[in-house]
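So the chains spell out like this:
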Amino acid sequence: MYTLLSNSLSGDEAVRKPAESTLAQSENLPGFCSCLMEVITAKDLVSQADVRLMASLYFKNSINRYWRNKRDSSGITTEEKSHLRQKLLSHLREENYQISLTLAVLISKIARIDYPKDWPELFSVLAQQLQSADVLTSHRIFMILFRTLKELSTKRLASDQRNFAEITSQFFDYSWHLWQSDMQTILNGFSSLSQITNSNASHDDLHLTCERWFLCSKIIRQLIVSGFPSDEKSLQEVPPVKEVCPLMLKAIQSLLPYYSSFGERYPKLFEFIRRACTKVMKILVAIQTRHPYSFGDQCVLPLVMDFCLNKIIDPEPEIMSFDKFLIQCISMAKIVLECKEYKPIMTGRVVDENLVTLEQRKKNISGAVAGVLTSLLPNERVVLLCNVLIRRYFVLTSSDLEEWYQNPESFHHEQDAVLWSEKLRPCAEALYIVLFHNHSQLLGPVVVSILQEAMNGCPPSVTDITSGMLLKDAAYGAAAYIYYELSNYLSFKDWFNNALSLELTNDHPNMRIIHRKVALILGQWVSEIKDDTKRPVYCALIKLLQHRDLCVRLAASRSLYFHIEDAAFSQQEFSDLLPVCWKLSFKLVEDVQEFDSKVQVLNTISVLIAYVGDIIPYANELVQFFQKSWEESSGESLLQIQLLTALKNFVVALGYKSPMCYTVLLPILVSGLDISSPDELLEDSMQLWEATISNAPSMVPQLLGYFPSLVDILERSFDHLKVAASIIEGYIILGGTEFLSLHASSVAKLFDIVVGNVNDRGLLSILPVIDVLFQCSPSDGPQLISSTLQKLMVICLTGDDRVPTSTSVKASAAAILARILVTNTNFLAQLASEQSLSMLLQNAGFSAGENILLCLVDVWLDKADNVNYVQKKTFGFALSIILTLRLPQVLDKLDQILSVCTSVILGGSEDATEDESSSSDSMSSSRPQFPSKEFRRRQMKMSDPINQLSLENSVRENLQTCANLHGEAFNTAMAKIHPSALAQLKQALKMT
């Protein structure tokens, strides 16, 4: 094993390759991991760190692959696992850091699987070893503890959380006491070092203690955050919060004074201070998020919040450059100010006393914390904080301007919400937005005053990058972010006409700073831009899209997106700007390099396609754009998703002229529908497919050939059933008999896959498509899917309909069977008599002696009020046909049958008239008709026998047939009908 590992590190490929191959073939053999463990722990190989590290990596990979016994592999035997667990716990004092880290990771992986069932002694052994450990050993044990606790904390079952709570009770006290002891040791060591002049002496022991303390801090975080239920729900105080948080804050306060003095003299310790202060503040943020009520205690929240506010408002000079720490202070202030548990609770009276007590306790705690925050943030301090955020943190620095100059795209995207917690200025902006939201009436006039001061101090003609220009940039940003509140204090029209529009007349390169903020404002204030200002704002955005600076163009593109998507977007005011807008958008896609930029501009192009009306004049350019963009997006799934969405909008916008984009569309579509393509593309590819079919004027051979892909997709998953149903319907309506003759087996298989294997919601998606199939093909359709119809028969006759969705399913299935009786009577009789159906019904609990057709009649009668007008009329026709059967049971149901038919004839005429008029109105008012899916659907509806035939005539004729068949028994049955019902029947049938 040692030789193989050594050879696998060789620079000679002839030596390395065979060794790697042998190791790969051996990794699932019994004893492989044990051999690796011997190499790792061998005392005579301590100096061979590279070989031992390689052994630990192979060991970790083997654990990942073979520790959990799988059906397709032999795994590691129980005996070997036991041996390895013992061996790992006996080798805690590993001197090589990388090897010790790898071993800690693999112990955590094993613990996730084996603890507590197969490795109950894990934590007790670690605890025992800690009692007598030196600094190095205890550091390594804490590495193991941290990794293992992190792994176990992600297990969410109640039993796993109880196990974690037990670990917390076992380790918290020891860890906390060691943390405090190490902190004291560190501070004593720092104090001594600050007083000596020789900085060359070794500080390895102190540094190791620092690292152990750092690990200990992370472990305490895990124990407090995951070892107790969140007090937000339990309202149970978490005692360690009150004990730990003040001392953690004190640790930060004690370490910070050494931040400036250790910079050059003790670089390793300086780096530790940076990491420690940032990490501990992060831990306090995590504890507040998990246990807000315990954190809100008088001995925690005021201390932490006051410290953070002081560091934000008035930091020491050396802290000003400590961005990572300031970000955590700002984050803490932000989450406290927006914490819903600290807001006054408005609740009504609750009947249940226990709930009243719970709500009252929440109210009391929230009220107390709100009082603390009010005392911490009086109006003067709120105004001061607002001023500091705008005047100091919003102002661009020289390094910001350099970053902008070097990489304008990255600089633009740093403003995105996902990055707000990683950069100082976006973090400050996030705090400002929360602060303004909480104190809008107080701060509205303050922000307007700062804005006015900044505009007066830097008129639009100023081109030098002065402090005045940078303050104006900051003030514009402040006004942009809180438009929804500031509009009460500031007229956008006046602001735009008197200042913003004038800024754009100055084309000096330095004005990019202001122009970028103007672009931002135009997008943020979209809801406040009224009709008389829309046109100049649109023109301003187009001008900004032509800017020389990429960052400004991206800001303008995003704002343009907001305007086009806005409900009040004016196509009329924008129409003549479209040609240049398309040109500039295409150019921007070409010019940007970053993925986020391409996605953003694609979004703008997508909404342009969807909302700007006539797209035909730009169709050829768009086809070329999609062709090029798709080729360049290879391997970028998220970018391809945006392209698919934009392409779908393009197809819909083209309508019946969509074939003009088939050269680019069809190859993209076929690649997206390939089941070997990335899953994340499938949903958008199917929506594109559905849009293509819905807007196609005719069926082309390529589209016809794609249909079997739907079978493959639905065999894998029903995730996209709703859109799949619309696609099937589109093919049936558009393809007609040509499609059905070519893909009969696929259609049959699809319905068979779905019906009987999906829930009620799934069935409600697919049943209307079956109805469309029978409208298109009343004679061949039922025969094509006879096995599916048997399942529908079972649903109708045995299905449970105690919930609304089941009732709807049963009613829709019954309407389909009723349609078959009306349009293909012989087939329904044949279906009802099939032996395979009898077997299915018996298996579902249907009584063997029952007459299937009469049982269907009961369902039609029962569900007549649960269906739409056309379905109810279908029931009427089916029941009318039942009157012609020579069965005495028909007379028992005569009253109900005639009641349903009467209600359809008398009550339905109004619905029918409304339906027809709306159909004719939509046809006359729309553009010239083309044979799209919707147009064909309307034609099919108008020619549907159910709509064309007269139920009144059918009932009149079949009632006469019934009288002739049953003679006197018929008269007796008619005599039992209530006089008022009989009168309504005569009125419906126009009988005297």
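Going along each chain's sequence as written, the residues are numbered from 1 onward. Under the rules for a predicted model, residues below a pLDDT of 70 receive no local features and side-chain atom pairs below 80 are neither given nor counted, while totals for whole chains, interfaces and linings still include all residues. The basis for every side-chain value is the complete set of heavy atoms in the structure, and neither hydrogens nor water enter the calculation.

1. Quick look at the overall build of the chain
Phase 1: Within the chain, the secondary structure is distributed over 55 helices and 0 strands.
Phase 2: Once the C-alpha set of the chain is aligned to its principal axes, its extents read approximately 120 × 80 × 75 Å.
Phase 3: Burial statistics for the chain: of 992 residues in total, 52% are counted as buried.
Phase 4: In this count, Lys and Arg are taken as positive residues and Asp and Glu as negative ones, while His and the chain termini are left out. Charge positions are represented by NZ for Lys, CZ for Arg, CG for Asp and CD for Glu. Across the chain, the mean location of the 90 positive side-chain charges is 2 Å away from that of the 109 negative side-chain charges. In DSSP terms, a helix is any run of H or I states spanning at least four residues, a strand is any run of E spanning at least two, and both are numbered starting from the N terminus. Think of it in three bands: with a 1.4 Å probe and only protein chains considered, a residue is buried below 20% of the maximum accessible area for its type, exposed above 50%, and partly exposed in between.

2. A word on the confidence of the model for the chain
Phase 1: Confidence in the prediction for the chain averages 88 pLDDT; 94% of positions are at 70 or higher.
Phase 2: Confidence of the predictor at the level of single residues is given by pLDDT, which spans 0 to 100. Note on contacts: a residue pair is in contact if any heavy atoms of the two residues lie within 4.5 Å. Note that pLDDT drops below 50 for residues 909-928; the model gives that stretch 10 contacts with residues more than four away or on any other chain.

3. Focus on the domain arrangement of the chain
Phase 1: Looking at the assigned domains, one finds that the chain contains domain 1 (1-154), domain 2 (156-193 + 204-346 + 359-377), domain 3 (378-566) and domain 4 (873-908 + 931-991).
Phase 2: An automatic or database domain assignment supplies the residue ranges for each domain. Using C-alpha coordinates to define each centre, domain 2 is positioned 34 Å away from domain 3.
Phase 3: Taken residue by residue, the interface counts 23 residues in domain 2 and 22 residues in domain 3.
Phase 4: What counts as buried area is the accessible surface, traced by a 1.4 Å probe, that two parts surrender upon association, with contributions from both included. Between domain 2 and domain 3 lies a buried interface of about 1,800 Å² when both sides are counted; carbon and sulfur atoms form 70% of it.
Phase 5: One side-chain nitrogen of Lys or Arg within 4 Å of one carboxyl oxygen of Asp or Glu is enough to make a salt bridge. Where domain 2 meets domain 3, there are 1 salt bridge.
Phase 6: N or O atoms within 3.5 Å of each other form a polar contact, as long as, within protein, one can give a hydrogen and the other can take it, and as long as residues adjacent in sequence are counted only when both atoms are side-chain atoms. Summed over the shared surface of domain 2 and domain 3, the number is 8 residue pairs in polar contact (both at pLDDT 80 or more).

4. Some words on unusual backbone geometry
Phase 1: Here the residue pair Tyr 115 and Pro 116 is connected by a cis peptide bond, since its omega of 0° sits within 30 degrees of zero.
Phase 2: With respect to the secondary-structure elements, Pro 116 resides in the loop between α6 (97-114) and α7 (122-131).
Phase 3: The phi dihedral of Leu 235 is positive, around 55°, even though this residue is not glycine.
Phase 4: Considering the arrangement of structural elements, one finds Leu 235 in the loop between α11 (231-234) and α12 (239-255).

5. Comments concerning the packing of helix α39 (residues 721-742) against helix α40 (residues 744-754)
If you want to describe how two helices pack, look at the angle between their axes and the distance between the axes.
Phase 1: For every element, the axis is a line fit to its C-alpha atoms; helices are fit only across the contacting stretch, and the angle between N-to-C directions ranges from 0 to 180 degrees. Here α39 crosses α40 at 150°, and the two axes come no closer than 10 Å. Of the possible angle classes, the one that applies to α39 and α40 is roughly antiparallel. Crossing of α39 over α40 shows left-handed handedness. Between α39, through Leu 721, Ile 728, Phe 739, Leu 740, Ser 741 and Leu 742, and α40, the contact on the second element is made entirely by Ala 744, Val 747, Leu 750, Phe 751 and Val 754. By the definition adopted for this analysis, an angle is roughly parallel if under 35 degrees, roughly antiparallel if over 145, roughly perpendicular if from 65 to 115, and oblique otherwise. Handedness of each helix crossing follows the sense of rotation of the near helix against the far helix: counterclockwise by less than a right angle gives left-handed, clockwise gives right-handed.

6. Section: helix α43 (residues 786-798)
Phase 1: Given a helix with a known number of residues, its expected span is that number minus one, times 1.5 Å. Under the 1.5 Å per step criterion, the end-to-end length of α43 is 18 Å for 13 residues, consistent within 8% with the ideal 18 Å.
Phase 2: All of the buried residues along α43 are Thr 788, Leu 789, Gln 790, Leu 792, Met 793, Val 794, Ile 795, Cys 796 and Leu 797.

7. As for the packing of aromatic side chains
Phase 1: To pair, rings of Phe, Tyr and Trp, with the six-membered ring standing in for Trp, must have centres within 6.5 Å; the planes then decide the type, stacked if under 30 degrees apart, edge-to-face if over 60, and tilted in the middle. Counted under the stated rule, the structure contains 37 aromatic pairs.
Phase 2: A ring pair is formed by Tyr 259 and Phe 322, whose centres lie 4.5 Å apart and whose planes are at 0°; its orientation type is stacked. In this pair, Tyr 259 sits in helix α13 (residues 257-261) while Phe 322 sits in the loop between α16 (301-313) and α17 (323-338), placing the two residues 63 residues apart along the sequence.
Phase 3: The exposure class assigned to Tyr 259 is buried, which follows from its relative accessible area of 5%.
Phase 4: Their ring planes at 65° and their centres at 4.9 Å tell us that Phe 707 and Tyr 731 sit as a pair that is edge-to-face. You can see Phe 707 sitting in the loop between α37 (701-706) and α38 (708-716) and its partner Tyr 731 sitting in helix α39, a full 24 residues away along the chain.

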